[in-house]
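# Structural overview for review
Now for the letters of each chain:
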Amino acid sequence: MRVLKRSPWLTGLALMLAFVALAGTRARADVTTDVAGSIVIFPKVIADGTRDTLIQITNTSNLQRTVHCLYVNASGACQFNPGVQCQVASDCPDFATANEQCELIWLEENFSIVLTRQQPTIWRVSTGRRVDPTDPANGQCEDIPGAPTLQDCPGIDPGQIIPPVQPFRGELKCFETDESEAPFAANSLKGEAIIETLGSNQISIYNSINIQGTDNNDGNLALELDNTEYNACPLRLEVVHHSSGATDPVTSNLDPSACEGAGCPVRTEITLIPCTQLFENQIGAQVTANIFVFDEFEFPISVFPTVDCWFNQDVANINGGIAFTRGSTFVKTEIQSQSGRRCIAGPVLNQQGCTTDADCGGAAAGGVCGPASGLLAVVEEFHETNATQGLDPTQFFGTAAVDVHMIPGRRGFCRVGGPTAVCDEDADCQSGGLCRSNGVACTSSAECVASSGLPQDFCDICLMDVIQVPDLNLP
Amino acid sequence: MWPQGRFLLVLEGMRGSANRPVGTNLFPADPAQRPQPQILSAKPLGNGSTEVCDTGPAPQGGGVPGISPPDFRVGQDVTDALRDLMCRFSVHSSSSTACTLNRFGDFGFVGSGTQTQFCFQVPQTVEFPAGDTVLAAQLTDTAGNLGPRKEIVIRVLP
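Residues numbered from 1 in each chain as written. Chains lettered and ligands numbered in written order. Predicted model: local features only at pLDDT ≥ 70, side-chain atom pairs only at ≥ 80, totals over all residues. Heavy atoms only, no water.

### What about the pairing of strand 17 (residues 222-225) of chain A?
For a regular strand, side-chain orientation follows a simple rule: the groups alternate between the two sheet faces. Residues and elements named next belong to chain A. Here strand 17 shows no split at all, with Ala-222 and Glu-224 on one side and Leu-223 and Leu-225 on the other all buried. Of the pairings in the sheet, the one linking strand 17 to strand 38 (residues 465-468) comprises four bridges and is antiparallel in character. Counterpart to Leu-225 in the pairing with strand 38 is Asp-465. (Buried < 20%, exposed > 50% of the residue type's maximum accessible area, 1.4 Å probe, protein only. Helix = DSSP H or I, 4+ residues; strand = E, 2+ residues; numbered from the N terminus. Pairing = 2+ DSSP bridges.)

### Details of the pattern of salt bridges
Residues and elements named next belong to chain A. Applying the stated criterion across every chain, the model contains 31 salt bridges over all chains. In this structure, Asp-314 and Arg-267 form a salt bridge, with 3.2 Å as the shortest nitrogen-oxygen distance. Taken together, the residues span a long stretch of sequence, with Asp-314 in strand 25 (residues 311-314) and Arg-267 in strand 19 (residues 266-274) at a distance of 47 residues. Each of Lys-44, Arg-51, Arg-267, Glu-269, Asp-314 and Glu-380 takes part in a single network of salt bridges with overlapping partners. (Salt bridge = Lys/Arg side-chain N within 4 Å of Asp/Glu carboxyl O.)

### Digging into the pairing of strand 38 of chain A
Residues and elements named next belong to chain A. Burial along strand 38 is two-sided: Asp-465 and Ile-467 facing one way and Val-466 and Gln-468 facing the other are all buried. In terms of strand pairing, strand 20 (residues 277-278) meets strand 38 through two bridges, oriented parallel. Across the sheet, Gln-277 pairs through a bridge with Ile-467, a residue of strand 38.

### With respect to the side chain of B:Gln121
Along the chain, B:Gln121 turns up in strand 4 (residues 116-121). B:Gln121 sits in the buried class, given a relative accessible area of 13%.

### As for the sheet that holds strand 17 of chain A
Residues and elements named next belong to chain A. Strand order in the open sheet formed by four strands is 17-38-20-21, and the pairing between neighbours is mixed. The strands lining the two open edges of the sheet, one partner per strand, are strand 17 and strand 21 (283-284). With two bridges joining them, strand 20 and strand 21 adopt antiparallel strand pairing. Across the sheet, Gln-277 pairs through a bridge with Gly-284, a residue of strand 21.

### Concerning the confidence of the model for chain B
With 97% of its residues at a pLDDT of 70 or more, chain B has an overall mean of 93. Interface scoring of the predicted complex returns ipTM 0.89; its pTM is 0.90. (pLDDT = per-residue confidence, 0-100.)

In structure tokens:
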């Protein structure tokens, strides 16, 4: 009989050591609402006393993820009536008589959260979420006695989530970081926003817009949406919705009496945000949106509103209104940012029609002549009946949010190479780039951060969009 | 080769001839004790801080000291370096909860016979330096039996 002598030091544990790409793939032009990404954007977030928003964010990976979030408050107040919220001057009561203007702010507030493997989390924007290890595993978010601005929610708290300054109307943007809070791309985040109309049973839900990152993330505070570090913003947005004031065919069919007289009109609001946002300088890109609307009879209408930081308008009010007289119930809307160049940074920011950096104050002064910012959007519809019209404006028969289709194909300009050098990604620009802050020649953002000492500096090679986030020195 | 010093570092193992499970204790309570999965770096990672398990963002968070050659010799400096690096890993004991994806895009271990996986998302504070860095790894089973020593060279492009 054979005896096997076994040495405890030769047990032969099999072992494999490997390193793996973070994002796994180098996807391109994938800005989606149904695939996880590294930047998640909620274009429409409201907490203004009339409406509130629940935010859900989920880690879809099997590793713990750190996430940094920015609330961007774009509330406006009327010049002579500061208690009145506005988005455009015509919202203000003294606009017609005294040319009262709407004074918009654009202010970001940031916080970080940590999500365990596959963890979903939720919070209410108006209250945030307090860290409390004694939270039960189930139940609902509850107010905290003595601290009305905070709520306790069940489950593992992802961190202290601050409520933003209110009234809040704007967007929420979150991006993945590594544990040292340097941005990176593992494409593991998804989210949903639930806008509720307080005092009613009406909610509107939409998916977050998710921008996927690539393996080329340099970890600095400039998130470049250029198909090289993160995927580029879409070329065009498309959505089908009720035409302004059209009668809701479903409600009128279900209960014709509900629509007799005043009818059951549907109102549509479009929310647009620019892809480029320079938080460090408190600048949201200005861009002209080209909006083309087609009715069921192929009849087009076009309007060209200016988008400043955050744009939220009823389609009936955009540049005088998008209204069809032929009775079309549904319309198809296409939204695209303006073509051509404008000054996207520097001393003469937002000037249109530039051809070189010199037109924007010069590269050494940070002047950049580049493509106008891309756009992202969400659409919300408000359905009314005889019973709700003319009553409390919050009492809608129904509300619904819609994610828009995002058509890829946005192209940029090579920063070096003249006005005709178009590009899809950095590799298309063989002459390298220039540092955003001072125009020094560069091939990588690390060179720019080293030369300027600015953590948000980066190397502009294929000019598209960028989110420059502020220093992440959290309170 | 890799264009930057941040990536996902993965260590996988399976039962050896003793037929004991792979040990998963990443940070024993006794500071003199070594973790069961063990990885040493020949070069300092990040700022090479000697503080053990200084995770999180800088300035509190720091790197991992290098041990050259990475030979797992006896010594508290080696034990500290092992504890400093391994406390940052997570344990994945089934393929469906792996930190990696298989060729179909589903969660799955890298190796076909893997029973336990250890993963570390290398952050900026533990960034690998430009050039070549040798990592040495070995596993112990739950009875303390030591497995074979393996090495990998991580080459970060400047």
